Protein chains: 2
Amino acid sequence: MNTDVPSPRRAPTLEHVARVAGVSRATVSRVINGVRNVDPEIADVVQRAIAATGYVPNRAARALVTRRTFAVALVVSAPDDVAFEDPFLGRAFADPFFGRVASGALAELADRDLHMILMRVNDEPARAELLGHLRHGDIDGVLSIPVAGTDPLPRMLTEARVPVVLFGRPADTLAISYVDATQDAGAAMAADHLVGRGCQRVATICGPADTPAGADRLTGFRTAMARHGHAYVPAVEGNFTHDGGESAMLALLRHDPDLDGLFVANDLMAQGAMLVLRDAGRRVPEDIAVVGFDDSVVALSTRPKLTTVRQPVEEMAAAMVRLLLTHIEDRARPVASVIFEPTLVIRDSA
Amino acid sequence: MNTDVPSPRRAPTLEHVARVAGVSRATVSRVINGVRNVDPEIADVVQRAIAATGYVPNRAARALVTRRTFAVALVVSAPDDVAFEDPFLGRAFADPFFGRVASGALAELADRDLHMILMRVNDEPARAELLGHLRHGDIDGVLSIPVAGTDPLPRMLTEARVPVVLFGRPADTLAISYVDATQDAGAAMAADHLVGRGCQRVATICGPADTPAGADRLTGFRTAMARHGHAYVPAVEGNFTHDGGESAMLALLRHDPDLDGLFVANDLMAQGAMLVLRDAGRRVPEDIAVVGFDDSVVALSTRPKLTTVRQPVEEMAAAMVRLLLTHIEDRARPVASVIFEPTLVIRDSA
DNA sequence: GTGAAAGCGCTAACAT
DNA sequence: ATGTTAGCGCTTTCAC
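Residues numbered from 1 in each chain as written. Chains lettered and ligands numbered in written order. Predicted model: local features only at pLDDT ≥ 70, side-chain atom pairs only at ≥ 80, totals over all residues. Heavy atoms only, no water.

A. Focus on the overall build of chain A. Along the backbone of chain A there are 13 helices and 12 strands. Against the compact-globule benchmark of 20 Å for 350 residues, chain A has a radius of gyration of 26 Å, which places it well outside the compact range. C-alpha atoms of chain A, sized along the principal axes, occupy 85 × 40 × 35 Å. Buried positions account for 55% of the 350 residues belonging to chain A. Contacts in chain A between residues at least 24 apart in sequence constitute 72% of all its contacts with a sequence separation of at least 6. Accessible surface for chain A amounts to roughly 14,700 Å². Of this, 52% is attributable to carbon and sulfur atoms. Separation of charge centres in chain A, based on 36 positive and 44 negative side chains, amounts to 5 Å. (Helix = DSSP H or I, 4+ residues; strand = E, 2+ residues; numbered from the N terminus. Rg over C-alpha atoms; globule rule 2.2 N^0.38 Å. Buried < 20%, exposed > 50% of the residue type's maximum accessible area, 1.4 Å probe, protein only. Contact = heavy atoms within 4.5 Å. Areas by Shrake-Rupley, 256 points an atom, 1.4 Å probe, with all protein chains shown as cover. Lys, Arg positive; Asp, Glu negative; His and termini not counted. Charge placed at Lys NZ, Arg CZ, Asp CG, Glu CD.)

What follows is the structure, given as structure tokens:
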């Protein structure tokens, strides 16, 4: 192995490695990409040359020929009428939920040397641009976190036949891959727990009816309550924000002042609701037991600490990555979904 | 203009556009990159051809020759001993603060068609990899959010002479560009406000001494209090988390039970502190006035709502992007910093 | 099993 | 002012 090749000031290329190893570029390329047809002896020399030169493949060059960029987009998408300055969406990145998704996906991507490009799309030009990137091969696929049920992006992505995985089932019936948790089962756990501790007058603050998560949690909760003999459960819809939780709680209290159990469709709203309950002189859990959903960081910052249904968001995000990769590697692969089971985390509020 | 060129099933290339427009690739390239030497007439024909074909430049090809990828990394970095599962860092992405930075930077980048790659680096391999990407030209530059003062990354980036901008001034004296707010001035506003409303026994929950923000806010606060005749201000250090705020408040109360004013170095800790105060039977602001720092979303979810020093985080992040671009465009450009002024947002806690 | 050679789509000299 | 040409660094037939 020829060791006195001058080290270039630019990053070493395949060519350099090849010269150092005394072989051709093609062989080095084969070694790097793990193609079988390589003599172990030669492979070894090449490996040493790679180490000696500190060679790292150039992504752009590789992307140009393979038509894969080894980058996926994590997109937070919303319909046109939802501005990211809205309380609902302004939260998008600030929301602990988003942080967990990003975190889980990142861990899985980093292991594979894939880059994660963060994008926010909430208007037609942005959607067109995203599609352009995909079609053009600037991005290999997309992990999408839809924040509203009316978002047109999932359908566009599906029709463009582009690798995509959604967080949560799509609002419309769509042939699209997604990762979700059994929202209804989670809500049922909340119901069982509330009933189990003896609550008789139970209500719920549910999520927006046009979001699958909102709808499923409400249905699951009502079904389980019915099973326990509570045919009717008062529900007020909130928008998944802290303030939304406050207003919903106010409305609920006005209507049913003697509640002794409450299921809130996410922790942020539960936090708001608990503030209102305290202002109203209700003790939690003595007067009214409260169960949230998500197990986000805010569940630990309520007083008392929030009992809540935990979604394994990080693992779900990791699963999204794995699923997306199968689609990227085989464009013909049929859509699939991966469903996780939530768990009840019992703390002090119920 | 030749319009009957068959549309390729692959994304159109410069070549296609050139054929449609009846000119050479070079000319099309020139109009796309806004090089002057183009006949307005021809430029117009080319523009139409671009529109007709739906042409979008291929990033990989462009990156290969220009040695610019038009992508910057937003890195959340920490020293080796800080695991991202720590309460301190687990927050990283979940922290509303991070969300604001990402949001502000993204807006500025999107306007320029630059991609934002999210990275988390908290060990040596990750640091080496990041440096490799930079040196290799896989990434044009980095926006760094250091979460602890002892982080070695800023120095490494500086020494590698790579385009980088920090959020907040570096912990060490380093020739590095950064964007910051006048932390001491912000803390002084809190002091003035507390003294202005008549507080006599004032303490502070400060941030980690090894973070510039923590240190500056403490110094600024003490200096301003001294100016008002309060030579000594009790301080307990917290770690910028909700729980940290709780423990610090507990310690403070044990030591100085009769406080009537409190400055907390960030909103998250203020939230925790207020919970402890309530448990201790202290009314805010009647018994003790509380001022936070940041004006993050949690400032609106405390009871009473938190009076706090606002940092214009989104604008600061946008400034980081602009500063970074100057470094990317001119590698020899001397380091610079941009400093913003915080403002006091008066709500109900003080 | 290995090398030679062609190109991926683009920009930037260099000619004209 | 425009076209021609030579690569950027890599993968991938296709010969051998």
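Moving on from the coordinates now.
B. Spotlight on the protein's contact with DNA strand D. Around DNA strand D lies a shell of 30 residues, among which Leu 14 and Tyr 55 of chain A together with Arg 30, Asp 39 and Arg 67 of chain B are the nearest. One of the backbone N or O atoms of Asn 58 of chain A is found 3.1 Å from a phosphate oxygen in DNA strand D. Here a base oxygen of DNA strand D and a side-chain polar atom of Arg 30 of chain B are 2.5 Å apart. Of all elements in the fold, only α2 (25-32) and α4 (59-66) of chain A together with α2 (25-32) and α4 (59-66) of chain B reach the threshold of two or more residues within the surface near DNA strand D. At 5 residues, α4 of chain A tops the list of elements feeding residues into the surface near DNA strand D. (Near = heavy atom within 4 Å. Polar contact = N/O pair within 3.5 Å; in protein donor to acceptor, adjacent residues only side chain to side chain.)

C. Quick peek at the sheet that holds strand β6 (residues 202-206) of chain B. Residues and elements named next belong to chain B. Taken in spatial order, the 6 strands make up an open sheet running β7-β6-β8-β9-β10-β12, and their pairing is mixed. With one partner strand each, in any of the chains shown, β7 (235-237) and β12 (343-345) form the two edges of the open sheet. In this sheet, neighbouring strand axes are inclined to one another by 20° on average, regardless of whether the strands run parallel or antiparallel. Strand direction decides the pairing type here: strand β10 (residues 307-310) and β12, joined by 3 bridges, are antiparallel. By the bridge assignment for β12, Thr 308 is matched with Val 345. Contacts from helix α10 (residues 212-227) reach β6, β7, β8 (261-264) and β9 (289-294) within the one sheet, and its direction differs from that of β6 by about 170°. Docked against the sheet, helix α11 (residues 242-255) engages β6, β7 and β8, running at close to 150° with respect to β6. (Pairing = 2+ DSSP bridges. Axes fitted to C-alpha atoms, helices over the stretch in contact; angles between N-to-C directions.)

D. Local environment of the side chain of Arg 217 of chain B. Residues and elements named next belong to chain B. If you trace the backbone, Arg 217 turns up in helix α10. Judged by relative accessible area, Arg 217 falls into the buried class, the value being 5%. The contact partners of Arg 217, leaving out residues within four places of it in the chain, are Gln 183, Ala 187, Phe 240, Phe 263, Ala 265, Asn 266, Phe 293, Asp 294 and Gln 311.

E. Focus on unusual backbone geometry. Going from Arg 303 of chain A to Pro 304 of chain A, the amide bond is cis rather than trans, its omega being -5°. Within the element layout of this structure, Pro 304 of chain A appears in the loop between β9 (289-294) and β10 (307-310). For the bond from Val 284 of chain B to Pro 285 of chain B, the omega torsion is 5°, close enough to zero to count as cis. Along the chain, Pro 285 of chain B falls in the loop between α12 (267-279) and β9. Positive phi values are uncommon outside glycine, yet Asp 294 of chain A reaches one of about 120°. Position of Asp 294 of chain A relative to the elements: it lies in strand β9.

F. A look at the interface of chain B and chain A. Taken together, the 43 residues of chain B in the interface contact 42 residues of chain A. For the pair chain B and chain A, the summed buried area comes to about 3,900 Å², and 56% of that belongs to carbon and sulfur atoms. Three residues stand out in chain B for area buried against chain A, namely Leu 118, His 136 and Arg 303 of chain B, and they jointly supply 17% of the buried area on that side. Inspection of the region where chain B meets chain A yields 4 salt bridges. Between Glu 246 of chain A and Arg 303 of chain B there is a salt bridge, with its nearest N and O atoms 3.1 Å apart. Counting every contact that joins chain B to chain A gives 12 residue pairs in polar contact (both at pLDDT 80 or more). Elements with a contribution of two residues or more to the side of chain B that touches chain A: α4, α5 (87-94), α6 (96-111), β2 (115-121), α7 (124-136), α11 and α12 of chain B. Take the side of chain B that touches chain A: its biggest share by element is 7 residues, from α6 of chain B. Tallied by class, the residues present in the side of chain B that touches chain A amount to 23 nonpolar, 9 polar and 11 charged. (Buried area = accessible area lost by both parts, 1.4 Å probe. Salt bridge = Lys/Arg side-chain N within 4 Å of Asp/Glu carboxyl O. Nonpolar A, V, L, I, M, F, W, Y, C, P; charged D, E, K, R; others polar.)

G. A look at the protein's contact with DNA strand C. Taken together, 29 residues surround DNA strand C, and among them Thr 27, Arg 30 and Arg 67 of chain A together with Leu 14 and Tyr 55 of chain B come closest. Among all atoms of DNA strand C positioned within 4 Å of the protein, those belonging to sugar or phosphate total 64%. Separating a phosphate oxygen of DNA strand C from a side-chain N or O atom of Tyr 55 of chain B is a distance of 2.3 Å. Take Asn 58 of chain B: an N or O atom from its main chain is 3.1 Å from a phosphate oxygen of DNA strand C.

H. Inspection of the packing of helix α11 (residues 242-255) of chain A against helix α12 (residues 267-279) of chain A at higher detail. Residues and elements named next belong to chain A. Orientation of α11 relative to α12, taken along the N-to-C sense of each, is 45°, at an axis distance of 7 Å. Judged by the angle between their axes, α11 and α12 are oblique. Crossing handedness for the pair α11 and α12: right-handed. Seen from α11, the contacting residues are His 242, Gly 245, Glu 246, Met 249, Leu 250 and Leu 253; seen from α12, they are Leu 268, Met 269, Gln 271, Gly 272, Ala 273, Leu 275, Val 276 and Leu 277. Its residues placed into classes, the contact of α11 with α12 shows 9 nonpolar, 4 polar and 1 charged. (Parallel < 35°, antiparallel > 145°, perpendicular 65-115°, else oblique. Left-handed = near helix turned anticlockwise from the far one by under 90°.)

I. The arrangement of the sheet that holds β10 of chain A in detail. Residue and element names in this part refer to chain A. Sheet architecture is open: 6 strands sit in the order β7-β6-β8-β9-β10-β12, paired in mixed fashion. Looking at strand neighbours, the two that pair on one side only are β7 (235-237) and β12 (343-345), the edges of this open sheet. Between one strand axis and the next, the sheet turns by 20° as a mean value, whatever way the strands run. Two elements, strand β6 (residues 202-206) and β7, share 3 bridges in a ladder whose sense is parallel. Counterpart to Ile 205 in the pairing with β7 is Val 236. Relative to β9, helix α9 (residues 183-196) is tilted by about 165°, and along the sheet it contacts β6, β8 (261-264), β9, β10 and β12.

J. Inspection of α2 of chain B at higher detail. All names here are of chain B. Of all the residues in α2, the buried ones are Thr 27, Val 28 and Val 31. Along the axis of α2, the buried residues cluster in a sector spanning 100°; they form a single face. Summarising the contacts, the buried residues of α2 are in contact with α1 (14-21) and α3 (40-53). The positive-phi residue at the C-terminal boundary of α2 is Gly 34, with phi of around 60°. (Arc of directions from axis to C-beta.)

K. Quick peek at the pattern of salt bridges. Under the defined criterion, the tally for this structure stands at 40 salt bridges over all chains. Among the salt bridges present, the one from Glu 108 of chain B reaches Arg 322 of chain B, with a minimum N-O distance of 3.2 Å. In this pair, Glu 108 of chain B is assigned in helix α6 and Arg 322 of chain B in helix α13 (residues 313-329), connecting sequence segments 214 residues apart. One network of salt bridges, with partners in common, ties together Arg 100, Asp 295, Arg 310, Glu 314 and Arg 347 of chain A.

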